[in-house]
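Coordinate inspection notes
One letter stands for each residue in the lines below.
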Amino acid sequence: MLEFKPITIDDLKLLNPFLKEFSSSSCQHSFAAMLGLTDKYGDEYCFIDDVLFIHRSHQDHDGYRVYLAPLGNLSTSISKYVQMIFDDAHDYGLKASFETVTEEFKNLLIDNFDSNLFDIEYNRDYSEYIYTVEGLSVLPGRDLATKRNRVHAFYSAYEGHIEIKDITPSNISDVKEFTKVWIKERMESLDDPGLESESKAISIYLNNFEALNFRGIVVYLYGKVAGYAAGVPISSDTMDEVIEKGLRDVTGIYQLLCNEFANICCKDFAYINREEDVGLEGLRRAKESYKPYKLLNKYMIKEK
């Protein structure tokens, strides 16, 4: 039986370097996300032989114990460590389920086990959108002309009244207050149970902004916050844009946030992961409209 422990902020120095090295640039293996979404997923971890195992304790369901893909140098010994996960699940009288795993892990599993042992399902809703930093910084070509024009129009409309600042301890209270209002307005107008989980996660991110190595920008119009964007490195070449919030009645604010976050916060990276659309039609259209460099496809794999 694997002995798991809950993830806390104190585990950052232990887990973060390991996650960044073996994450495949997936936001599912972001330490910040694991910590922020602890109420939703209940991620807990253990190490064996320099391999990291993650159990999603709040996702166990219908006879399955749920795990993320194990992380480490698995190519020569994946059978051993996957079998440990099977054994762990069986100790609880359950089967193993690997949720939202990458194609790389899926292929390793197929190459090293009898494929008849698993049900494998591609889930488009959990594909992560990967963009080049250059593409979002420049918004080049005809396909992105509308986005580029929105940014230019924003600067023209509010010329002389715009301030864009890095998020720092001196202004993070402004960001927190803006977030409270943003969440409250949507809770009042939308029947979306996910907003409560999102609110808790953002609170954790903002309260541990520097400790979690977040980078972000906040946009002021006429001295008041109109929006902000923030993210965290998830690998040596990829930034995960975790939060993007703007005033709905300010035309162009989201295009500006996307563009300037790439310009200001992502200079040291080649790619930006803007995460999944979770099957929401409007969100999918918005993410596709920025012409992603690629989709990081994800799979659900269940033991039969």
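One structure accompanies this document, and this report is about it. (Residues numbered from 1 in each chain as written. Predicted model: local features only at pLDDT ≥ 70, side-chain atom pairs only at ≥ 80, totals over all residues. Heavy atoms only, no water.)

Section: the pattern of salt bridges
The criterion, for reference: One speaks of a salt bridge when a side-chain nitrogen belonging to Lys or Arg is within 4 Å of a carboxyl oxygen belonging to Asp or Glu. The buried label goes to any residue with under 20% of its type's maximum accessible area, the exposed label to any with over 50%, and the partly exposed label to all in between, with areas taken from a 1.4 Å probe on protein chains only.
Following the criterion strictly, the structure yields 20 salt bridges and no others. The salt bridge partner of D60 is R65, with a shortest N-O separation of 4.0 Å. You can call D60 partly exposed: its relative accessible area is 28%. Between E241 and R274 there is a salt bridge whose closest N-O contact spans 2.8 Å.

Considering the sheet that holds strand β8 (residues 162-166)
Two orientations exist for strands paired in a sheet by backbone hydrogen bonds: parallel and antiparallel. The condition that has to hold: Between any two strands, at least two bridges found by DSSP are needed for them to pair. Counting from the N terminus, the helices are the DSSP runs of H or I reaching at least four residues and the strands are the DSSP runs of E reaching at least two. A fitted line through C-alpha atoms serves as each axis, taken over the contacting stretch for helices, and the angle formed by two N-to-C directions is quoted from 0 to 180°.
In spatial order, the strands read β8-β9-β10-β11-β12-β7-β13; together these seven strands make up an open sheet with mixed pairing. Edge positions in the sheet fall to β8 and β13 (294-296), since each of these pairs with one other strand and no more. When strand polarity is set aside, the average angle formed by the axes of neighbouring strands in this sheet is 25°. Across three bridges, strand β7 (residues 128-132) lies against β13 in antiparallel orientation. The partner of E128 across the bridge, within β13, is L296.

Examining the packing of helix α7 (residues 145-157) against helix α10 (residues 253-265)
Cut-off, in case you're wondering: Between 65 and 115 degrees an angle is taken as roughly perpendicular, under 35 as roughly parallel, over 145 as roughly antiparallel, and anywhere else as oblique. We call two residues in contact when some of their heavy atoms are within 4.5 Å. Gly is placed with the polar residues, together with every amino acid not listed as nonpolar (Ala, Val, Leu, Ile, Met, Phe, Trp, Tyr, Cys and Pro) or charged (Asp, Glu, Lys and Arg).
Look at α7 against α10: their axes get within 8 Å of each other, and the N-to-C directions meet at 105°. What the angle tells us is that α7 and α10 run roughly perpendicular. Here α7 contributes K147, R150, V151, F154 and Y155 to the contact with α10, which in turn contributes I253, Q255, L256, N259 and E260. Looking at the contact of α7 with α10, its residues break down into five nonpolar, two polar and three charged.

A short note on the pairing of strand β4 (residues 64-67)
Basically, it comes down to this: A clockwise course of the path from the first strand over the helix to the second, judged with the strands pointing away from the viewer, identifies a crossover as right-handed.
Burial along β4 is two-sided: Y64 and V66 and R65 and Y67, pointing in opposite directions, are all buried. Bridge count for β4 against strand β5 (residues 95-102) is four bridges, and the pairing is parallel. Residue pairing in the sheet places V66 in a bridge with S97 of β5. A crossover connection joins β4 to the parallel β5 through helix α4 (residues 78-91); in handedness this β-α-β unit is right-handed.

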